[in-house]
Amino acid sequence: MKKLNTLTAKLISMGVIVGLLLIGNMMIGSKLKDREETRDEACLSISKAAGGRFSMDGLYVVVPYDYNEIYYDDGIKKTKKSTANIYFNPDKVNVDSVISTEIRQLGIYTSPVFTGTLSVNADFDLETLKKDGDKSYHPEKAYFLLKIGDVSLQSHPEFIINGKICDTYLYNDGIASKTYYTEGKFHLETELQIRGAEKFKVFVNAQDMTLNVKSDWNSPGFTGFDFLPSKKNIDENGFTATWNIPFASADSYHCIGFELIESVDVYKKLYRAINYGFLFIIVPFITLFLFEMFAGMQLHSVQYLLSGAASVIFFLLLLALSEHVDFGLSYMISGAASGILVSLYIASISRRIKIGLSMSGVFIALYSYLFVSLSSEDYALLIGSVFAFVVVAVLMFFTRKDNLGRMKKNTLTEDEDIESSAC
């Protein structure tokens, strides 16, 4: 039976192999997702143990009042005396916070947590408090309420109200203290020992709000909040930031703050790397195909498959190593292992060191390109487009003299000679 070793058959077999290798690449992507979920669960456990995301949800003076509630009984309109609360927002709030961060570890995973102080100064004006129609206020029963989770506190806080130290107690969704109402104007001071993880958030519920933060974390994130800092300074020793929010509606729902962003998100880089999996399969295949055309090599489909598998395993090695050592070192080890393996394999098949060295050059260029793309996220598309153009240009250059047609013709002639010899 005539042996089918034509160019078309070769391309079809290569296409099937590429498809199989892409399936393998997708399986590595699935494993990456599983490992990321495991990391997220570990970080969540650390975060919960550290108090979770810190949030100060506002400071209020709560004043009970009586009013006549209208209701109907068998169609008859009736009224009854009921009690409710009205929440007064502060006129001015100034918050100063000093945050110290620490890296906590669970298994092989780490996550930043923080502790610090939160100094709050607030001014209230209750001069408008009076009997209004059916409403009868009870300022003698009024209390301060600082909406903050008890898990975010490291010690029992005290409120200083108009110069008088007042004890606090846990009440509903925050910390409360009696106002000891006198004239209707209040000044409150307190210093809280706080803790948390991932995010620091303060809700704006005053007509004039100022927040000053100083921290030793050098990669904060300020997006995802309603206002960016008015002033900020970030260096290797940490950051300082100031928010000045005048005339923010006390009835609106705004928040300011920051989050602790890890400067190197390994899993994000790995996801981006795996997206280039097709390129890592097709470029070595093109190189091997050109070696067959011009260097007189003959490669079996299994040899293409093994060479491609080594390129795909690079991503698995990178995932495994990146969880234990620096990403750059992991990349260098994985790239060297995969590139050297394929280069030695091809040199052994061809019995020519030059071809093995040429294959090494291809891998050096390929891995260098990917590393630059991963390090320059903003220019990744531009770098990728240029690289793809260069690959196509090189391929067009080597096939510019219709060598594909001659290869097919020569291959068919060799098959016929083999068949004749067999007869």
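Look up: the structure comes first, before these words.
Overview of the structure. (Residues numbered from 1 in each chain as written. Predicted model: local features only at pLDDT ≥ 70, side-chain atom pairs only at ≥ 80, totals over all residues. Heavy atoms only, no water.)

What follows covers the pattern of salt bridges. Counted by the stated rule, this structure contains seven salt bridges. Its salt-bridge partner being Glu198, residue Arg53 comes within 3.1 Å of it at the nearest N-O pair. Remark: Glu198 occurs in the loop between strand S11 (185–197) and strand S12 (199–204) and Arg53 occurs in the loop between helix H1 (7–49) and strand S1 (54–73); sequence separation between them is 145 residues. For Arg53, a relative accessible area of 52% corresponds to the exposed category. For Glu198, a relative accessible area of 24% translates into the label partly exposed. For Lys81, the salt bridge is made with Asp66, and the minimal N-O distance between the two is 3.6 Å. Of this pair, Lys81 sits in strand S2 (residues 76–88) while Asp66 sits in strand S1, and the two are 15 residues apart along the sequence. Here Lys81 falls in the exposed class, since its relative accessible area comes to 63%. Shared partners join several salt bridges into a network, and the residues in it are Glu36, Arg39 and Asp40. (Salt bridge = Lys/Arg side-chain N within 4 Å of Asp/Glu carboxyl O. Helix = DSSP H or I, 4+ residues; strand = E, 2+ residues; numbered from the N terminus. Buried < 20%, exposed > 50% of the residue type's maximum accessible area, 1.4 Å probe, protein only.)

The next point concerns the packing of helix H6 (residues 353–375) against helix H7 (residues 380–398). Helix-helix packing is characterised by the crossing angle of the two axes and by the distance between the axes. Look at H6 against H7: their axes get within 9 Å of each other, and the N-to-C directions meet at 160°. The orientation of H6 with respect to H7, classified from their angle, is roughly antiparallel. When the axes of H6 and H7 are compared, the crossing they make is right-handed. Seen from H6, the contacting residues are Ala365, Leu366, Tyr369, Val372 and Ser373; seen from H7, they are Ala380, Ile383, Gly384 and Phe387. Partitioned by chemical class, the residues of the contact of H6 with H7 number seven nonpolar, two polar and no charged. (Axes fitted to C-alpha atoms, helices over the stretch in contact; angles between N-to-C directions. Parallel < 35°, antiparallel > 145°, perpendicular 65-115°, else oblique. Left-handed = near helix turned anticlockwise from the far one by under 90°. Contact = heavy atoms within 4.5 Å. Nonpolar A, V, L, I, M, F, W, Y, C, P; charged D, E, K, R; others polar.)

Checked against the element boundaries, Ser152 lands in the loop between strand S6 (143–148) and strand S7 (158–161). Excluding residues that lie within four positions of it along the chain, Ser152 makes contacts with Gly51, Phe54, Gln193, Ile194 and Arg195.

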